[in-house]
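Descriptive structure summary
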Amino acid sequence: MSKILLDEDGEALIRETQFDIAVPIHAEELCGETKIFAYPSVAPLCEAWQNRYADDLFSPDAVAFLKDGCADFCAAFGYRADRHSAVVGYNFLSGDAVNTGFTPCERIRREGKYENKTTFDLAACLAAERVMFAVVRDGAIVSLTVTCEAPSARADAGGMMEISVETAPAYRGNGYATAAVAALADWLSARGFITLYKCRAENEKSARVAARAGLTQSGRFMYFVFRKDRS
């Protein structure tokens with residue numbers, strides 16, 4: 001089942017040329033349901049895509065069909081495609097149990113205790129009350145996973161909570177990302193949340209991190225980015 005949700009405000013901004021980027025279509029598939037967020041002008045394109053590619057909405061041909069159609073619309077307002085315009089990936093969700101027993105992780109509650117070797121801004125994350133778990137080695141945070149929003153900001157506990165993870169380049173290949181993801185997913189599960197982990201289709205290592213942590217691929221996503229030509 002799929003549903004098209006119109007992004008009227010997004011299209012209005014593009015028509016007024018206030019943004020440097022345009023995202024005319026963003027599709028999210030989770031647990032058998034697909035939601036398509038689309039500018040009103042490309043809604044007919046989405047309907048044609050649904051009908052033509054009903055067997056697999058995320059096939060390479062289906063993605064190319066949408067990208068080409070979006071490109072025609074965006075070009076009229078001075079937005080151009082590049083080789084990164086089409087972004088396709090996987091959605092992973094936690095289940096009833098999360099794998100544990102990995103490298104011990106520590107919840108990060110304040111800045112300055114450890115050197116941070118990732119690119120996450122700890123101060124900003126803490127100020128936003130985002131929850132963080134880290135692998136610490138030799139007095140430094142070498143792998144960090146973070147909620148994409150504050151669990152405390154939710155009016156009611158539960159629902160999906162997206163997370164993000166990064167391991168410093170020199171420390172990759174040791175299972176640290178898997179450990180950090182599992183630790184945060186376990187913490188969220190204990191509070192009634194379902195962990196949502198997203199990765200691009202070409203990032204096989206990231207997909208393996210999610211699977212090893214006990215998350216299950218439960219859908220796909222895609223969106224299209226076009227940039228304003230200001231030359």
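No experiment lies behind these values; they were computed from the predicted model shown.

Notes on the overall build of the chain
Secondary structure summary: the chain contains 6 helices and 14 strands in total. The principal-axis extent of the C-alpha atoms belonging to the chain is close to 55 × 40 × 35 Å. Across the 231 residues that make up the chain, the buried fraction comes to 44%. For the chain, long-range pairs separated by at least 24 residues make up 70% of all intrachain contacts whose partners lie at least 6 apart in sequence. Looking at the chain as shown, the accessible area adds up to about 11900 Å², and 47% of this sits on carbon and sulfur atoms. Each charge sign in the chain was given a centre, from 26 positive and 31 negative side chains, and these centres are 6 Å apart.

What about the pattern of salt bridges?
Going through the model one piece at a time under the given rule, you end up with 8 salt bridges. We note a salt bridge from Glu11 to Arg15, for which the minimum N-O separation is 2.8 Å. Highlighted residues: Glu11 and Arg15, both in helix H1 (residues 8–15), separated by 4 residues, approximately one helical turn. Overall, Arg15 belongs to the partly exposed group, its relative accessible area being 44%. Residues Arg200 and Glu202 are paired through a salt bridge, measuring 4.0 Å at the closest nitrogen-oxygen approach. According to the relative accessible area criterion, Arg200 is partly exposed, its value standing at 37%.

Quick word on the sheet that holds strand S14 (residues 226–228)
Taken in spatial order, the 3 strands of this open sheet run S2-S14-S5, and their pairing is antiparallel. The sheet is open, and its two borders are formed by strand S2 (21–22) and strand S5 (79–80), each paired with just one other strand. With 2 bridges joining them, S2 and S14 adopt antiparallel strand pairing. Note on S14: the bridge partner recorded for Ala22 is Phe226.

As for the nonpolar core
Note that soluble globular proteins tend to have their nonpolar side chains buried in a common cluster. Core analysis: the largest hydrophobic core is formed by 26 residues, its most contacted members being Ile25, Trp49, Leu66, Met222 and Phe224. Those elements that place two or more of their residues in this core are strand S3 (25–30), strand S4 (33–38), helix H2 (43–52), helix H3 (60–75) and strand S13 (216–224). Ranked by residues supplied to this core, first place goes to H3 with 7 residues. Not counting chain neighbours up to four residues away, the residues in contact with Trp49 comprise Ala27, Ile36, Ala54, Leu57, Ala62, Phe65, Leu66 and Met222. If you look at the next biggest cluster of nonpolar residues, it comprises 22 residues, including Ile163, Val181, Trp187 and Ala210.

Thoughts on a positive patch on the surface
Where like charges cluster on the molecular surface, the positive patch consists of Arg172, Lys205, Arg208 and Arg212. As for its position among the elements, Lys205 is in helix H6 (residues 204–212).

Conventions used here
Residues numbered from 1 in each chain as written. Predicted model: local features only at pLDDT ≥ 70, side-chain atom pairs only at ≥ 80, totals over all residues. Heavy atoms only, no water. Helix = DSSP H or I, 4+ residues; strand = E, 2+ residues; numbered from the N terminus. Buried < 20%, exposed > 50% of the residue type's maximum accessible area, 1.4 Å probe, protein only. Contact = heavy atoms within 4.5 Å. Areas by Shrake-Rupley, 256 points an atom, 1.4 Å probe, with all protein chains shown as cover. Lys, Arg positive; Asp, Glu negative; His and termini not counted. Charge placed at Lys NZ, Arg CZ, Asp CG, Glu CD. Salt bridge = Lys/Arg side-chain N within 4 Å of Asp/Glu carboxyl O. Pairing = 2+ DSSP bridges. Core = buried A, V, L, I, M, F, W, Y, C linked by side-chain atoms within 4.5 Å. Patch = residues over 30% accessible without salt bridge, like charges linked within 9 Å, V, L, I, M, F, W, Y side chains within 5 Å.

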